[in-house]
Amino acid sequence: MLKFIKHNMDTISGIEIYPIIALIIFFVFFAGLTVWVYTYKKEKIKEMSHLPFEEELELNNLSKNK
């Protein structure tokens, strides 16, 4: 089966650029994601990490007040 795929790929002109483009897109995405993660504000990360606990506390307070 690989012979059929390889033959079809060999007959398409200009197809050798697609793996290069895919690699560039992959690298740029993950490099950008890495930069974004390391430059994200620590205070915002702490705030978002406490959100589940705040909701739970609010629910507990509502149930105690009833």
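None of these values were measured; they are calculated from a predicted model. (Residues numbered from 1 in each chain as written. Predicted model: local features only at pLDDT ≥ 70, side-chain atom pairs only at ≥ 80, totals over all residues. Heavy atoms only, no water.)

A. Representation of the overall build of the protein within the structure. Of regular secondary structure, the protein possesses 4 helices and 0 strands. Listed by position from the N terminus, the elements making up the protein come as α-α-α-α. Taken across its 66 residues, the protein has 0% of its residues classed as buried. Approximately 6800 Å² of the protein is accessible, and the part contributed by carbon and sulfur atoms is 70%. (Helix = DSSP H or I, 4+ residues; strand = E, 2+ residues; numbered from the N terminus. Buried < 20%, exposed > 50% of the residue type's maximum accessible area, 1.4 Å probe, protein only. Areas by Shrake-Rupley, 256 points an atom, 1.4 Å probe, with all protein chains shown as cover.)

B. Quick look at the pattern of salt bridges. In the structure shown here, the tally under the stated rule is 1 salt bridge. Close ionic contact of Lys44 with Glu47 constitutes a salt bridge, the shortest N to O distance being 3.9 Å. Of this pair, Lys44 and Glu47 both sit in helix α3 (residues 42-49), 3 residues apart, which is roughly one turn of that helix. (Salt bridge = Lys/Arg side-chain N within 4 Å of Asp/Glu carboxyl O.)

C. Quick peek at the packing of aromatic side chains. One pass over the structure, following the stated rule, counts 3 aromatic pairs. Measuring from ring centre to ring centre gives 5.0 Å for Phe29 and Phe30, while their planes differ by 85 degrees; the resulting arrangement is edge-to-face. Exposure remark for Phe30: the relative accessible area of 39% places this residue in the partly exposed category. Among the aromatic residues, ring-to-ring pairing joins Phe26, Phe29 and Phe30 into one connected group. (Phe/Tyr/Trp six-rings, centres within 6.5 Å; stacked < 30°, edge-to-face > 60°.)

D. Representation of a nonpolar patch on the surface in the model. Together, Ile17, Tyr18, Ile20, Ile21, Ile24, Ile25, Phe27 and Val28 give the surface a local cluster of nonpolar side chains, amounting to about 820 Å² of exposed area. On the secondary structure map, Ile21 appears in helix α2 (residues 17-39). (Patch = residues over 30% accessible without salt bridge, like charges linked within 9 Å, V, L, I, M, F, W, Y side chains within 5 Å.)

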